[in-house]
Amino acid sequence: MTDPIFSLTGRTVYVAGHKGMVGSAIVRRLADEHCTVQTSDRSTDLRSGAAVEAWFAANRPEVVVIAAAKVGGILANSTLPADFLYDNLMIAANLIEAAHRHGAAKLLFLGSSCIYPKLAEQPIREESLLTGPLEPTNEWYAIAKIAGIKLCQAYRAQHGADFISAMPTNLYGPGDNFDLNSSHVMPALIRKAHEAKLAGAASFEIWGSGTPLREFMHVDDLAEACVFLLKHYSDPLPINIGFGSDVTILELAQLVARVIGFSGEVTRDVTKPDGTPRKLMDSSRLHALGWAPRIALEQGIADAYAHFLAGAA
Ligand code: GFB
């Protein structure tokens, strides 16, 4: 592993979006660092430049992590395009500008693997950004996240700011959204398999053909990677945070069913969209720095299910 190039010790670290699955995992992980975590509550609307400016003037964080975002699965992305584009553009622009104006020493912006072209060569390297058309079901979200990456690059180029961006693969874990209309696939399958088991149903249904491939990472691994990158990474190029292997959605559904103890069938609703066929990321740049994920998929699903049960109880 390379030596750290940035220290969190004694710093104030603002985690924007601390109530979300990603932000809360990063806050949990930062408890192991000798730093002071700062958060903002609902009264600071991150879509408002004035509200963000006032919060930074009062709190002056030295390190900023942008985990705040309007997020959702394939259906929410397609049905709320204005929210996904506007909210995410404003959140990124307001936080990055305020971090610069108030002299933050480091900023980490989190994007998503959906920023890459729909038919990017697999595994997807960081250099494939903006080399082809986006996947239509999530282009609004992707455009906003690409703008965030470009803002980090622009402030670095023009002002010498140490602003970096990282692109996580599909995430899951404690604090996920289990609402079937707005969630990502993993929490949806956990809920569906659980409810099918309780009901003694013969089957549960997945959306689409079941053939799309997705790569999944437990959010605690992601939080570990974020802290690692704050300490070890300073470069204009975004860096991928991937698990390293992917599964089909049908395989995922069968694995979730096994972990949960549902032994019925998995059926498919092919009227629902598949989205991008595959988005396995090439994370070799991150691995070369000396970081690798630790939570295996089956173990991670069991953990996410335990949190789902605790939340549902
Ligand atoms: O996780 P997901 O909603 O989003 O869907 P994406 C992944 C795949 O799972 C798609 C299928 O092929 C879905 O059709 N799927 C099967 C389901 N059953 C279900 C279900 O019950 N619920 C859901 N939600 N999907 C998202 C982007 O794309 O990835 C976001 O929309 C973000 O912007 C995120 O980038 C990481 O993986 O297709």
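Here, the structure is the one placed above.
Quick caveat, the model's predicted, so the values are computed rather than measured.

The rules behind these values
Numbers given for residues are sequential positions, taken from 1 along each chain in its written order. The model is predicted, so local features are restricted to residues of pLDDT at least 70 and side-chain atom pairs to those at 80 or more, both for listing and for counting; the totals for chains, interfaces and linings are taken over all residues. Based on all heavy atoms of the structure, the side-chain values leave hydrogens and waters out of the count. Only protein atoms enter the calculation, which uses a 1 Å grid: trapped sets of points that fit a 1.4 Å probe without letting it out are cavities, open sets showing protein on both sides within 12 Å along at least five of seven lines are pockets, and any residue with an atom within 4 Å of a point is a lining residue. Grid points are joined across faces, edges and corners, and a volume is the space filled by probe spheres set on the points. In the scheme used here, Gly and all other residues not listed as nonpolar or charged are polar, with Ala, Val, Leu, Ile, Met, Phe, Trp, Tyr, Cys and Pro taken as nonpolar and Asp, Glu, Lys and Arg as charged. Salt bridge, as used here, is a side-chain nitrogen of Lys or Arg placed within 4 Å of a carboxyl oxygen of Asp or Glu. We count a stretch as a helix when DSSP gives it H or I for four or more residues in a row; a strand needs E for two or more, and each element gets its number in order from the N terminus. The buried label applies to any residue whose accessible area, calculated with a 1.4 Å probe on protein chains only, is under 20% of its type's maximum; exposed applies above 50%, and partly exposed to all values in between. The definition of a nonpolar core used throughout is a set of buried Ala, Val, Leu, Ile, Met, Phe, Trp, Tyr and Cys residues joined through side-chain atoms within 4.5 Å. Any two residues whose heavy atoms approach within 4.5 Å are treated as being in contact. The axes used here are C-alpha line fits, helices contributing only the stretch in contact, and every angle between their N-to-C directions lies in the interval 0 to 180 degrees. In what follows, roughly perpendicular refers to angles from 65 to 115 degrees, roughly parallel to angles under 35, roughly antiparallel to angles over 145, and oblique to any angle outside these ranges. Put simply, a crossing is left-handed when the front helix is turned counterclockwise from the back one by less than a right angle, and right-handed when it is turned clockwise. Any two strands between which DSSP finds at least two bridges are classified as paired. Here the aromatic set is Phe, Tyr and Trp, taking the six-membered ring for Trp, and pairing holds for ring centres within 6.5 Å; pairs whose planes are under 30 degrees apart are stacked, those over 60 apart are edge-to-face, and all others are tilted. A molecule or strand has a residue near it when one of that residue's heavy atoms lies within 4 Å. A 3.5 Å cut-off defines polar contacts: any pair of N or O atoms within that distance qualifies, except that in protein one atom must be a possible hydrogen donor and the other a possible acceptor, and neighbouring residues in sequence count only when both atoms are side-chain atoms. All accessible-area figures derive from a Shrake-Rupley calculation using a 1.4 Å probe, and residue coverage is judged against the displayed protein chains alone. Positive charges come from Lys and Arg alone, negative charges from Asp and Glu alone, with His and the N- and C-terminal ends not counted.

1. A few points about empty space enclosed by the protein
- Using the criterion set out here, one finds one cavity of 30 Å³ or more in the structure.
- Taken as a whole, the largest cavity spans an internal volume of roughly 60 Å³.
- Surrounding the largest cavity, Ser113, Cys114, Tyr116, Pro117, Lys118, Ile124, Glu135, Asn138, Thr276, Arg278 and Lys279 form its lining.
- For the lining of the largest cavity, the per-class residue count stands at four nonpolar, three polar and four charged.

2. Thoughts on the pattern of salt bridges
- Throughout the structure, instances matching the rule amount to 18 salt bridges.
- With a shortest N-O distance of 3.0 Å, Glu224 and Arg29 are connected by a salt bridge. In this pair, Glu224 sits in helix H7 (residues 219–232) while Arg29 sits in helix H1 (residues 21–30), placing the two residues 195 residues apart along the sequence.
- Using a relative accessible area of 23% as the deciding quantity, one classes Glu224 as partly exposed.
- By relative accessible area, which is 15% here, Arg29 ends up buried.

3. What about the nonpolar core?
- Residues Phe56, Leu95, Ile96 and Leu107 are the most contacted members of the largest nonpolar core, which totals 37 residues.
- Elements represented by at least two residues in this core include exactly strand E1 (12–16), helix H2 (49–59), strand E3 (63–66), helix H4 (81–101), strand E4 (106–110), helix H5 (139–159) and strand E5 (163–168).
- If you tally residues by element for this core, the top one is H4, at seven residues.
- Among all residues touching Ile96, those that are not within four sequence positions of it are Ile66, Leu107, Phe109, Gly148, Leu151, Cys152, Tyr155 and Phe163.
- Among the nonpolar cores identified, the runner-up in size contains 34 residues, and Leu171, Leu222, Ile239 and Leu289 belong to it.

4. Section: the packing of H4 against H5
- Interaxial distance between H4 and H5 falls to 8 Å at its minimum, and their mutual angle equals 15 degrees. Classed by the angle they form, the pair H4 and H5 counts as roughly parallel. The two elements H4 and H5 meet at a crossing, and its hand is right-handed. The segment H4 lies against H5, with Pro81, Phe84, Leu85, Asn88, Leu89, Ala92, Ala93, Ile96, Glu97 and His100 engaging Trp140, Tyr141, Ile143, Ala144, Ala147, Gly148, Leu151, Cys152, Tyr155 and His159.
- Tallied by class, the residues present in the contact of H4 with H5 amount to 15 nonpolar, four polar and one charged.

5. Quick notes on the sheet that holds E1
- The strand order across the open sheet built from six strands is E2-E1-E3-E4-E5-E10, with neighbouring strands paired in parallel fashion. Each edge of the sheet is formed by a strand with only one pairing partner; in this case those strands are strand E2 (36–38) and strand E10 (239–241). Neighbour-to-neighbour, the strand axes of this sheet turn through a mean angle of 25 degrees, independent of strand direction.
- Inspection of the sheet shows E5 paired to E10 by three bridges, in the parallel sense. Bridge assignment links Pro168 to a residue of E10, and that residue is Ile241.
- Along the sheet face, H5 touches E4 and E5 and points at about 155 degrees away from the line of E5.

6. A closer look at the packing of aromatic side chains
- Summed over the entire model, instances satisfying the criterion amount to eight aromatic pairs.
- One aromatic cluster is present, built from ring pairs that chain together Tyr14, Trp55 and Phe56.

7. Quick notes on the site of the ligand
- Neighbouring the ligand are 22 residues; Ile74, Lys192, Arg214, Pro273 and Asp274 lie closest to it.
- Within the side chain of Asn77, one N or O atom sits 3.1 Å away from an oxygen atom of the ligand.
- At 2.6 Å from an oxygen atom of the ligand is found a main-chain nitrogen or oxygen belonging to Asp274.
- In isolation the ligand has 700 Å² of accessible area, and contact with the protein removes 97% of it.
- It is helix H6 (residues 185–199) that contributes the most residues to the shell around the ligand, three residues altogether.
- Split into classes, the residues belonging to the shell around the ligand amount to 10 nonpolar, eight polar and four charged.

8. Side note on the side chain of Asp282
- Tracing the backbone shows Asp282 in the loop between strand E12 (265–269) and helix H9 (284–289).
- Comment: no salt bridge for buried Asp282; closest opposite-charge side chain is Arg125, at 4.5 Å.
- In this structure the side chain of Asp282 is engaged in a polar contact, spanning 2.5 Å, whose partner is the side chain of Ser284.
- Excluding residues that lie within four positions of it along the chain, Asp282 makes contacts with Pro123, Ile124, Arg125, Glu126 and Asn240.

That's the geometry; what it means functionally is another story.
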